[in-house]
Structure formats: structure tokens, C-alpha cells
Amino acid sequence: MSDARSDIFARIREALKVKAPKPHLKGDANAGKSSVAAKPWLPEGGDDAEGSLLILAEQLAKLKAVLIRVPDRASASKALANLSLSKKWKKVAFHGHELLRPIAAGLSCETWEADASFDKQRLEGCDAGITTCESIVAQLGSILVSSATSGGRALSVLPHVHVVVAEAAQVVPDLGAALALARARHGEQLPSMLSFITGPSRTGDIERILVLGAHGPKELYLILIG
Amino acid sequence: MSDAKSIFLKDATVNAADGDQRAFIRKALGGYYTNRDLQKARYRDWEMARDVASMAKWTAVNDLANVLEKFVGNFERNGGVVHWARDAAEARAIILKIAEDANAKAIVKSKCMTSEEIHLNDALEKAGYGVVESDLGEFIQQLRGEAPYHFVFPCMHVKREAISELFTKHLGTAPTDSPEELTMIARRHLRQLYIDADIGITGANFLIAETGQISITENEGNARLTAALPRIHIALSGIEKVVNYLDDLSVLLPMLATAGAGQPMTCYNTLYSGPRKKGECDGPEQFHLVLLDNARTRLLADPEQRDALHCIRCGACLNVCPIFKNIGGLAYGTTYQGPIGSVITPHLRGLKQWNHLSGASSLCGACTDACPVRIDLHHHLLHNRRNAAKESPTLFDRLFHNGFNFVIKRPWLFAAGGRIFRATLPFLQKLPLPYMRAWMKTRDLPKAPSQSFRDQWKNQNV
């Protein structure tokens, strides 16, 4: 008996001997290349940095994510400390990134750099997880985190609150730009996880009524510097 | 009549008469229509986006062998292990073997329709593993012991009171009528299960050939946790999910969310390539991908309906389908409900037993209009009807069509037949004619005109 792999490939090659007609299209769809850079048919992502920031703010508000804009790192640290106090956080885990270390140092609660192999139970017990990100997509209000630059896979999703600290220069207009940037940065060595986070975790499974915080964070904060 | 058909007719009749349930489903979908339209309006050209999305899938599906080969090469280079399954039994055996080799006990799953297709939970439970569905809707359906009602909204037909009772019975929690509190009960219950599980099983929405990544779309964060905390990650996917380029996702991900749930993007869209890498602080030690055929190549072999493999499982066609809204998702008796299910199930499970689903359609075309990847759904329902009549015509089909063929070629016989038909029409109403009974039960035949159309035409001297 031949193996499953070659059987399946044989079935596919046999099936494709008869060509299928091309779909009925409205335009020429750039002859099927969705890989062209500009996609002027998708939602707008802004023509310049200012335009993108405006769209981003609007999208995040609709997603019920909180955008906190600060001028510099010192005020980012202050904003985070205030947030921690008002929310009465006791334990906070953060990604040991050079941007985050000084900012997290301003916190008065217990902090923990969750970057080596860690106890999952301990992370679950944290009130908040603080990470950086790869980029931020204005078009959709999505934040791209990765296992390489955002403290692994669990830090951005297991604690009850997720705080992202980023520089305004990390905002890109659209999804295509964010994907291209990640590839340019990591090359062949892509992180084992790249995740677009678009608002706090949500579900509509009960009577299609929106509830935030299904399994992931109930609250999502973006502290944007500059 | 096939078993599947008689069950379908019985369930569909009962459900269509349940006005209360139908109103509940309509209300549940109300918010979806509004949000979908708001999000679609943000697209500068939705129709062009549909063109691009459908071409991205068309290009990959029509070159499936090469694209799949490229994907697998890159996936393996990233450190993942690929397994091939010709059918459901092979896929189950592969997953059982991985679990056995890993000496696993507890398994947590995120939503994966392909696993429903191969009845994975039954197999795992029989083998003694504890399996928990982590998507809220799937979790509720698992507790109810019922198949998903809708492949995107699995428990949209269940009222909050019933969910509260279910949780009280199985989890011992206090009754509540708040969806928020019910969600938090499930959240608290499942958190520990992710941490304790040995294996996490997920599906895959897209396989990206050029990078060897798999893409998973979700809202709740349960798939993220399933792929982060257990020491083994198994993903199960149909072979048709592959696309050529990473950049294809910049069109497909937002469209999937908008068409399927009226969102700009679903909450988590995650790309996985391999297990935990050197220098990363968490993630699974092993990453397995089970690639399933299970008759997908049969659909591939039909060039007329091949585009049904472009489906990205957004569920838009269900949400707009008058049949789905009236008979509900469970009556279909299929893994994939609604128009797309009616199109593909005959290919996956046999035309003779499942062609009745293609008859349950008003051919209004709302599904085709809603499809973000332009699958010609309502025409495929007609293609299935034609193929079924060709493959195994019923006696009635044969008599009727041969008879019609004979009469229509002979004008004098057609005229005579018309006269007889007009004269006997009042009596036909009372005859228990097969095929007519269901129609006549609730309707009267129209009154016969005194003259045929041809006579009227002639007498007008046009």
C-alpha cells in the first residue's frame, strides 16, 4: 500500500488535469496579485503618520481598547504607574525589553520579568501583562505582537489585563505594511508566533450579545509614546 | 428516500413551525447585519476586495499540488511535523498515536470544524482522554451533547436560561440571566484546564506556502492559550486551506471578519511557525500538523464546483440564507450547515444520500452575493440537482421528463394535453398525487383559464 502523502498528491494531480474556469470578476483584480503593495480597495489606513494616528484612535475606541498618548518615556512610566494604582494591581508581569524595564521600574506593586522559562500558574495569578509590540495597524486597530519581541506566547493573553507600550513610529497604515515589516525584521527566522491583537478578548456566543474578556484579557491598553 | 433526507424533512418541518425559535434566531442575527454593513462601508471598494480574495484562493486551489508541496517544505523547515490523512479514520489514528506517544492525559481544544468532521472528540474520549472544548459556544454544545448549530456561532440557538441551567447542572454554579456572568463562569472554569492540559488541538484558517506558517482566527483568546500553554500543539486542517503568499492575509483576514462577524478584524489572528524556538520563553515542545483529504480531492476533481474549495468558513452565507433562518442549523445533519454545506456535503458524503439539501433552497442567490470569495453557491445547488438527476434519476423523474420530451415535440399533442389539463384541473386538487401533496397541503391550485395562451395569442391577431 502506498503512503498517504503520495496518494493524496496523486489524487490532486489527477483532479487538476481538467482546468477550472476563472471566477467571474468585477475588475481584473490585478490579475490575481493581492501582493501588490497598495490596496486601494481595503479600508483606509491613512496617507501620512498623522492621518494614520487619527484612524488608529478611532478604531481603538470602537474596539473598546484604551489609547493613552504620552509625549515621552518618563510620562509613559507615570501613566503606567497611575493605571496600576487606579486598578489596584498587586502583581504585574512584563517583558524584559529595554523600553519596558525603566518604565516598569516606576510601578509600586510587585513586578516580575517573565522572560525565562516560567511557572504558568504564577503568570495566571498576575493582574496585568506588559509587553512591547512589533507594529500597530491603523487601518484596523490591530497590535502585532510576537513571541520574539513581546515576551513569548502567554504573556499577552493569559493575564487579565494587557498593556502594550509602543513608540508612535511603530504605527503603520495597514495590515500589508505590518506583515512586510515583520518579514523584513526577522527574515527567514520568523518568530514561532506572530499575533494581531484587535481589541480586548470578546465573545458573542450567548445570544450574540457582546461580552469582553472571554478567555483572554478583559482590558487592553495601548500607551503610545510620541 | 435516504435516511438523511427523511430526518431532514422531519426536523425541518418541526423547526419551520416554531415561530418563537425563528424569531429568536432573527433577533440574534439583527446586530450582525448592522455591524457587517458598517464595516463593509469602510472598504473603499468591497467588490474589488472580493475579486482579489477570490483570485488568491483560485490561484492556490488550481495549483494545489505545487503550493501544498512548497508549504510543507517550509513548515518542516520551521520545525513542525506534517502528517497526512486520506480520510477521517487515518486522521483520528494519527492524533491518537501522538497522544499515546506523549503519554498525555488531558487535552484542550479550540474551535475546529475539521475535528467535528472526523468526530475526533468521540475517538479521544473512547481512548480515555479528557477532552475539553474551550471556545465558549463549543464548550456549551459539548455540555449539551449536541453538534454545533452554526459553524461560526455554535450555540446561537440556545437561550441564556438554558445555558444557566446547563452550568448549574454540570459546574454547580448559581443561576444567572446575565450573558456576562455566564461567560465569566466558563472563563474561570477553563483557565486551569489550559494550564493542566498536555495537548492543545486547534484548527487552521490558512496555511501560508511562502513562509510555512499556519494562521488561526478567533475572538476569545482560547486558541492563543491552547497553542501557548500545553507542551504539544496539534493543528488539524483540510488540504485546501493553503494560500501562496503571506500578504494574501492582508486581504483575507479583514474580509473573513467583516463577512463572518461584522468586525474589522477578529480579536486574535495568529500565525504559528513551528514549536517554541531557541531563545523564546514559552510555547509547545512539539508542533504537529495533520493535513486531511477526506474527499476534498473529489470536489477538486469537479472543475465546475471546484471554487467551493475557496471557502474560508466565514459563515456569511448561513447568516443571510432564508432556509437556514427558518429550519435552523441542526436540521441539516451536516458538519457544515447552510448553503456551503448543501453544496459540499454531497461531494464529501455522497450525492445520493445528500442531494436533498440542494433542493432545500429558494435559489434567491443571497448566499452568492454574501460570499467574500465569490463562490457561485446557488448555481452549485442547481448543479447538484442536475447531477443527482443524471446519476440516479427517480422513476418519477424519468417518466415525467421522457413524457414531457415526447409531448413538447408534438404541437397537436401539446394542445390536446393542455385542453385535458384545463378541464381536469379542479379534480387534480383532490387527487393524492405524489410530489404534489406537500405543496397542495397548504395551497390551492389556480383556476384554469378557459383558453390556452396560444389561443389567446392567436385571437388577438398580434
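Note that the structure is a prediction, hence the values are computed from the model and not measured.

(A) Focus on empty space enclosed by the protein. All names here are of chain B. Under the counting rule described, the total for this entry stands at four cavities of 30 Å³ or more. Volume-wise, the largest cavity comes out at about 120 Å³. What lines the largest cavity is a set of 18 residues, among which Cys-321, Pro-339, Ser-361, Cys-367 and Leu-381 lie closest to the centre. The set of elements that each furnish at least two residues to the lining of the largest cavity consists of helix H15 (322-327), helix H16 (338-349), helix H19 (366-370) and helix H20 (377-391). Counting residues per element, the lining of the largest cavity draws most heavily on H16, at three residues. Of the residues in the lining of the largest cavity, the class split is 12 nonpolar, six polar and no charged. A volume near 80 Å³ is recorded for the second largest cavity. Along the wall of the second largest cavity there are 14 residues; nearest its centre are Cys-311, Cys-314, Cys-317, Cys-371 and Pro-372. Residue composition of the lining of the second largest cavity, by class: 12 nonpolar, one polar and one charged.

(B) Geometry of the interface of chain A and chain B. With 90 residues of chain A in contact, the opposing surface of chain B contributes 101 residues. Carbon and sulfur atoms supply 59% of the area that chain A and chain B bury against each other, a total of about 8600 Å² over both sides. The interface formed by chain A and chain B holds eight salt bridges in total. Linking A:Glu207 and B:Arg160 is a salt bridge whose minimum nitrogen-to-oxygen distance equals 3.0 Å. Inspection of the region where chain A meets chain B yields 49 residue pairs in polar contact (both at pLDDT 80 or more). Within the residue set of the side of chain A that touches chain B, elements represented by two or more residues are helix H1 (4-15), helix H2 (49-62), helix H5 (120-124), strand E6 (142-146), helix H6 (175-186), strand E9 (193-197), strand E10 (202-203) and strand E11 (211-212) of chain A. By residue number, the principal contributor to the side of chain A that touches chain B is H1(A), which donates nine residues. Residue composition of the side of chain A that touches chain B, by class: 44 nonpolar, 26 polar and 20 charged.

(C) Here's a closer look at a negative patch on the surface. Residues and elements named next belong to chain B. Residues Glu-161, Glu-165, Asp-177, Glu-180 and Glu-181 make up a contiguous surface patch of negative charge. Mapped onto the negative patch, the elements with two or more residues apiece are helix H9 (160-171) and helix H10 (179-196). A relative accessible area of 55% means that Asp-177 is categorised as exposed.

(D) Structural context of the packing of helix H2 (residues 19-42) of chain B against helix H12 (residues 249-261) of chain B. All names here are of chain B. Their axes nearest at 7 Å, the elements H2 and H12 cross at an angle of 145 degrees. Residue-level contacts link Tyr-32, Arg-36, Gln-39 and Lys-40 of H2 to Thr-258, Ala-259, Gly-260 and Ala-261 of H12. In terms of residue class, the contact of H2 with H12 is built from three nonpolar, three polar and two charged.

(E) The arrangement of the domain arrangement of chain B in detail. Taken as a whole, chain B is organised into domain 1 (43-294) and domain 2 (395-459). Relative to domain 2 of chain B, the C-alpha centre of domain 1 of chain B lies at a distance of 54 Å.

(F) Structural view of the side chain of A:His162. Residue and element names in this part refer to chain A. Summarising the element assignment, His-162 is placed in strand E7 (residues 161-167). Polar contacts involving the side chain of His-162 include one to the side chain of Thr-131, which spans 2.9 Å. Look past the residues within four positions of His-162 in its chain and what remains in contact with it is Gly-129, Thr-131, Val-145, Ser-156, Ile-197, Pro-217, Glu-219, Leu-220 and Tyr-221.

(G) Spotlight on H16(B). Residue and element names in this part refer to chain B. Here H16 is 12 residues long and its end C-alpha atoms lie 16 Å apart, about the 16 Å a rise of 1.5 Å per residue gives. Within H16, 11 of the 12 residues are buried, leaving the element largely enclosed by the surrounding structure. Residues of H16 that are buried: Gly-338, Pro-339, Ile-340, Gly-341, Ser-342, Val-343, Ile-344, Thr-345, Pro-346, His-347 and Leu-348. Looking at the buried side of H16, the elements it contacts are helix H13 (296-300), helix H14 (316-319), helix H17 (351-354), helix H18 (356-359), H19 and H20.

Reading guide: rules and limits
Residues numbered from 1 in each chain as written. Chains lettered and ligands numbered in written order. Predicted model: local features only at pLDDT ≥ 70, side-chain atom pairs only at ≥ 80, totals over all residues. Heavy atoms only, no water. 1 Å grid on protein atoms, 1.4 Å probe; cavity = no way out; pocket = protein on both sides within 12 Å on 5 of 7 lines; lining within 4 Å. Points joined across faces, edges and corners; volume = space filled by probe spheres on them. Helix = DSSP H or I, 4+ residues; strand = E, 2+ residues; numbered from the N terminus. Nonpolar A, V, L, I, M, F, W, Y, C, P; charged D, E, K, R; others polar. Contact = heavy atoms within 4.5 Å. Buried area = accessible area lost by both parts, 1.4 Å probe. Salt bridge = Lys/Arg side-chain N within 4 Å of Asp/Glu carboxyl O. Polar contact = N/O pair within 3.5 Å; in protein donor to acceptor, adjacent residues only side chain to side chain. Patch = residues over 30% accessible without salt bridge, like charges linked within 9 Å, V, L, I, M, F, W, Y side chains within 5 Å. Areas by Shrake-Rupley, 256 points an atom, 1.4 Å probe, with all protein chains shown as cover. Lys, Arg positive; Asp, Glu negative; His and termini not counted. Charge placed at Lys NZ, Arg CZ, Asp CG, Glu CD. Buried < 20%, exposed > 50% of the residue type's maximum accessible area, 1.4 Å probe, protein only. Axes fitted to C-alpha atoms, helices over the stretch in contact; angles between N-to-C directions. Domains from an automatic or database assignment. Expected span 1.5 Å × (residues − 1).

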